[in-house]
Amino acid sequence: MVAATQSLEELCINSIRFLAVDAVEKAKSGHPGLPMGAAPMAYVLWDKFMRFNPKNPKWFNRDRFILSAGHGCMLQYALLYLTGYDSVTIEDIKQFRQWGSKTPGHPENFETEGVEVTTGPLGQGIANGVGLALAEAHLAATFNKPDATIVDHYTYVILGDGCNMEGVASEACSAAGHWGLGKLIALYDDNHISIDGSTDVAFTEDVSKRFEAYGWHVLHVENGNTDLDGIAKAIEEAKKVTDKPSMIKVTTTIGYGSPNKQNTAGVHGAALGPDEVALTRHNLGWDHEPFVVPQDVLSHMNKAIERGANYEEEWNKAFETYKAKYPAEAAEFERYLSGQLREGWEKELPTFTPDDAANATRKHSAAILNKLAPVIPELIGGSADLTHSNLTELKVSGDFQKGQYGNRNVHFGVREHGMGAICNGMALHGSGLIPYGATFLIFTDYMRASIRLSALSQAGVIWVMTHDSIGQGEDGPTHQPVEVLASLRAIPNLTVIRPADGNECSGAYKIAIEKAKQNAPTLMAFTRQNVPNLPGTSIEGVTKGAYTIVDCDGTPDIILIGTGSEVSLCVTAAEKLTAEGKKVRVVSMPSWELFEAQDEAYKESVLPKAVTKRVSVEAGVSFGWAKYVGTEGDTVSIDTFGASAPGATCMEKFGFSVDNVLAKAKAVLG
């Protein structure tokens, strides 16, 4: 039906729709269906509720918006353009999905100002939203005073059917309900269509009842296509409920306005085509050329600029009052936001000598965490139900629970994937928090997408992984991560560190904390079994990625390269080879990524090209080690799955012994 006269609100909504339609059509690629159907709820949210400043996208107390159904990103780009963000111009929209564009095919926080988190893999966005809301709750409990509030903002999420099918969303939303995160409001675009067609083919559960069971406040807007008052009332009601998150199911028509494609899978992920675009324009009474927005719309939507400036000015005044009353707290809050660490924090990192008792590196990790926790109060996190195995409890704090949001020990439950996405959200909140998440190294497989996204989206998360090899022992091959280190090292922008002893654990944490403040994630892999503190190890050595801990006079005959618990095998084997008259160098290589970041001169000083006789020793697969041992070297590795037996037995049976290292070295020497 052609609309003869459109209200200003209808013009605004149709502007959002046709910016999406035109951008997808020009790119001949994209997802027009969601923006066309979700435009009314997005308009109401951005125009009537969200507090943000388009001219300062990083203003701290802004409401956060996440498009969890990230394939519909033209919805967000249209909103950013219309509300006056400098980051998205009409020319950027015309370059949708093109090389170098600020409008990529899914929202990317590191490419487009105004985008809070990187979404696209479904379910990740709503799970990130839980992390953002957790961060807001923790900071509010930490800094707000009865007579002065400086942390007070909402996290809004638009998610779709696909998000609600993904396990990561279920994990995170279950946790959010448990924690009672009342400033998290999710709008569920209930359009009943996925790529395979009607959701009836695979998804017939009552989503509202599921969220009620999670402990959420649930509402329903039955006609999300035109009932703007209903959407507004639902958001108002959601904001009144402060002790639980809210989910508003908004029933919509995907591709709304397209005569032949609306409510079909055909409008989900493909351009409408010129003929259907023309029909849709006629159907919705839109007589404007592609990418043309009526001036009335721009004038109205650009009011967000003045509103945003006022919001920020009001907050600045409130913060100045807070600063006058609570100068110490204000200074600490400003330090958080600056991304700076307390001066001298690194002096808390312990050092060790060979006279110190052998210990599991997971226990060193626990001790270091608790040395750092008092001097890095922004450190917050926990384990996926393995607190007493990962040893990640902060003794200076209680548990983060409903009504106890100032505490820093977060119990994620058996929700590894959700934990990862929540940690990413905390890191991307922009408040200086350093989140950490922990589990057994093998279970990174359950959360790999979140770890990958921490690297992609430049989230400063610390991943604390324990039980790092077949030394895990009796739990057997299901729990022994033989191939996991190799797979994690393949992720760009992720620093993987496997420390050998106490000094290297301190070095690993030094790197992890510093990288978190540089918006980059680090994954540390710790042992279950005890390892000795070795001569020659150091914090500084870890920062180089690889370094010599045992050396000889002149050019070595052979170099033994070890990581983690196997470095001690290399040291003992070197002693025996030296006694037999061989010149041996032992290199500890806790991090490939850090070593590759060094200059060529340093790398040559550690692994000189002239020394071709090399043996690597790591209780994992041999994959990747050829780069360091070359064609004349060999590996002590495990290219099968492990077995169930005591850890020491597994190590011995699979060849991780001094005798086998010696045998390999002698074979290489010839």
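Residues numbered from 1 in each chain as written. Predicted model: local features only at pLDDT ≥ 70, side-chain atom pairs only at ≥ 80, totals over all residues. Heavy atoms only, no water.

As recorded by an unreviewed UniProt entry, the protein chain carries the name Transketolase and is attributed to Crocosphaera subtropica. Under the Catalytic activity (unreviewed entry) heading, UniProt states for the protein chain: "D-sedoheptulose 7-phosphate + D-glyceraldehyde 3-phosphate = aldehydo-D-ribose 5-phosphate + D-xylulose 5-phosphate". In its Subunit (unreviewed entry) section, the UniProt entry covering the protein chain states "Homodimer." (UniProt positions renumbered as here; feature names shortened; annotations may be inferred.)

A.B. asks: Would you mind showing me how to read the sheet that holds strand S1 (residues 64–67) here?
C.D. replies: Within a sheet, adjacent strands bond to each other through the backbone by hydrogen bonds, running parallel or antiparallel. Across the sheet, which stays open at both edges, the five strands sit in the order S1-S2-S3-S7-S6 with parallel pairing between neighbours. Of all the strands in the sheet, the pair left with one neighbour each is S1 and strand S6 (217–221). If you compare each strand with its neighbour and ignore which way they point, the axes differ by 15° on average. Direction of pairing for strand S3 (residues 184–190) relative to strand S7 (residues 246–251): parallel, over a ladder of six bridges. (Pairing = 2+ DSSP bridges. Helix = DSSP H or I, 4+ residues; strand = E, 2+ residues; numbered from the N terminus. Axes fitted to C-alpha atoms, helices over the stretch in contact; angles between N-to-C directions.)

A.B. asks: Quick question: what am I supposed to make of empty space enclosed by the protein here?
C.D. replies: It is the rolling of a water-molecule-sized probe over the atoms that shows where space remains empty. Considering all chains together, one arrives at four cavities of 30 Å³ or more under this definition. Roughly 70 Å³ of internal volume is contained in the largest cavity. What lines the largest cavity is simply Trp46, Met50, Phe52, Pro57, Arg62, Asp63, Phe65, Tyr85, Gly114 and Glu116. Counted by class, the lining of the largest cavity contains six nonpolar, one polar and three charged residues. In this structure, the second largest cavity spans a volume of roughly 40 Å³. In this structure, the second largest cavity is lined by Gly381, Gly382, Thr387, Thr392, Glu393, Asp399, Asn409, Val410 and His411. Looking at the lining of the second largest cavity, the elements that each hand over two or more residues are strand S9 (379–383) and strand S11 (409–410). The residue makeup of the lining of the second largest cavity, split by class, is one nonpolar, six polar and two charged. (1 Å grid on protein atoms, 1.4 Å probe; cavity = no way out; pocket = protein on both sides within 12 Å on 5 of 7 lines; lining within 4 Å. Points joined across faces, edges and corners; volume = space filled by probe spheres on them. Nonpolar A, V, L, I, M, F, W, Y, C, P; charged D, E, K, R; others polar.)

A.B. asks: So what exactly am I meant to see when it comes to the side chain of serine 194 here?
C.D. replies: Along the polypeptide, serine 194 turns up in strand S4 (residues 193–194). In this view, serine 194 contacts Met165, Thr199 and Ala265; residues no more than four positions away in its chain are not counted. (Contact = heavy atoms within 4.5 Å.)

A.B. asks: I would appreciate a short explanation of the side chain of asparagine 390 in the present structure.
C.D. replies: Examined against the element boundaries, asparagine 390 turns out to sit in helix H15 (residues 387–391). In terms of polar contacts, asparagine 390 uses its side chain to reach the side chain of serine 383, at 2.7 Å. Only 3.2 Å separates the side chain of asparagine 390 from the backbone oxygen of threonine 439, close enough to count as a polar contact. (Polar contact = N/O pair within 3.5 Å; in protein donor to acceptor, adjacent residues only side chain to side chain.)

A.B. asks: How should I be thinking about the UniProt feature "site: Important for catalytic activity" (unreviewed entry) in the protein chain in this particular structure?
C.D. replies: The UniProt entry lists His31 and His268 under the feature "site: Important for catalytic activity" (unreviewed entry), expressed in the numbering used here. These annotated residues cover 238 residues of sequence, and their C-alpha atoms lie no more than 5.4 Å from one another, placing them together at a single site. Position of histidine 31 among the secondary structure elements: in the loop between helix H1 (8–27) and helix H2 (33–48). Apart from the residues within four sequence positions on either side, histidine 31 is in contact with Val24, His71, Gly72, Arg97, His268 and Gly269. Separated by 3.5 Å, the side chain of histidine 31 and the backbone oxygen of histidine 71 make a polar contact. Along the chain, the position of histidine 268 falls in the loop between S7 and helix H10 (274–283). Contact partners of histidine 268, with chain neighbours within four places excluded, come to Gly30, His31, Pro32, Gly33, His71, Ile195 and Ile254.

A.B. asks: Hey, could you run me through the pairing of strand S18 (residues 558–562) in this one?
C.D. replies: Along any regular strand the residues' side chains alternate between the sheet's two faces. Within S18, five of the five residues are buried, which leaves it mostly tucked inside the rest of the structure. Here S18 shows two buried faces, one formed by Ile558, Leu560 and Gly562 and the other by Ile559 and Ile561. Here S18 pairs with strand S19 (residues 584–588) via five bridges, running parallel. Bridged to leucine 560 within S19 is valine 586. (Buried < 20%, exposed > 50% of the residue type's maximum accessible area, 1.4 Å probe, protein only.)

A.B. asks: Could you clarify how one ought to interpret the UniProt feature "active site" (unreviewed entry) in the protein chain in this entry?
C.D. replies: Look at the UniProt record and you will see "active site" (unreviewed entry) annotated at Glu416. What makes glutamate 416 buried here is its relative accessible area of 7%. Every residue in contact with glutamate 416, bar those within four places of it in the chain, is listed here: Glu171, Ala384, Thr439, Phe443, Tyr446 and Met447.

A.B. asks: Just checking my understanding: could you explain the layout of surface pockets for this structure?
C.D. replies: Approximately 540 Å³ is the volume attributed to the largest pocket. Every residue lining the largest pocket is counted, 25 residues in all, and those nearest its centre are Lys58, Ala427, Leu428, Gly430 and Asn519. Breaking the lining of the largest pocket down by element, the ones donating at least two residues are helix H13 (327–338) and helix H19 (502–517). Ranked by residue count, the leading element in the lining of the largest pocket is H13, at three residues. Each residue belonging to the lining of the largest pocket can be placed in one class, and the counts come to ten nonpolar, ten polar and five charged. Taken domain by domain, the makeup of the lining of the largest pocket includes at least three residues from each of domain 1 (8–308) and domain 2 (345–531). (Domains from an automatic or database assignment.)

A.B. asks: Please clarify how the domain arrangement of the protein chain should be interpreted in this entry.
C.D. replies: Frequently, the measure chosen for interface size is the accessible area that the parts lose on association. Assigned domains within the protein chain: domain 1 (8–308), domain 2 (345–531) and domain 3 (545–669). Domain 2 and domain 3 are separated by 25 Å when their C-alpha centres are compared. If you look at the interface, domain 2 gives 26 residues, while domain 3 gives 31 residues. Here domain 2 meets domain 3 over a buried area of about 2,200 Å², counting both sides, of which 58% is carbon and sulfur. When the area that domain 2 buries against domain 3 is broken down by residue, the three leading residues are Ile470, Arg489 and Arg498, summing to 31%. Our enumeration of links across domain 2 and domain 3 arrives at two salt bridges. A salt bridge links glutamate 618 to arginine 489, with the shortest nitrogen-to-oxygen separation between them at 2.8 Å. Our count for the contact surface shared by domain 2 and domain 3 stands at 15 residue pairs in polar contact (both at pLDDT 80 or more). Those elements that provide at least two residues to the side of domain 2 that touches domain 3 are helix H18 (484–489), strand S14 (495–497) and H19. (Buried area = accessible area lost by both parts, 1.4 Å probe. Salt bridge = Lys/Arg side-chain N within 4 Å of Asp/Glu carboxyl O.)

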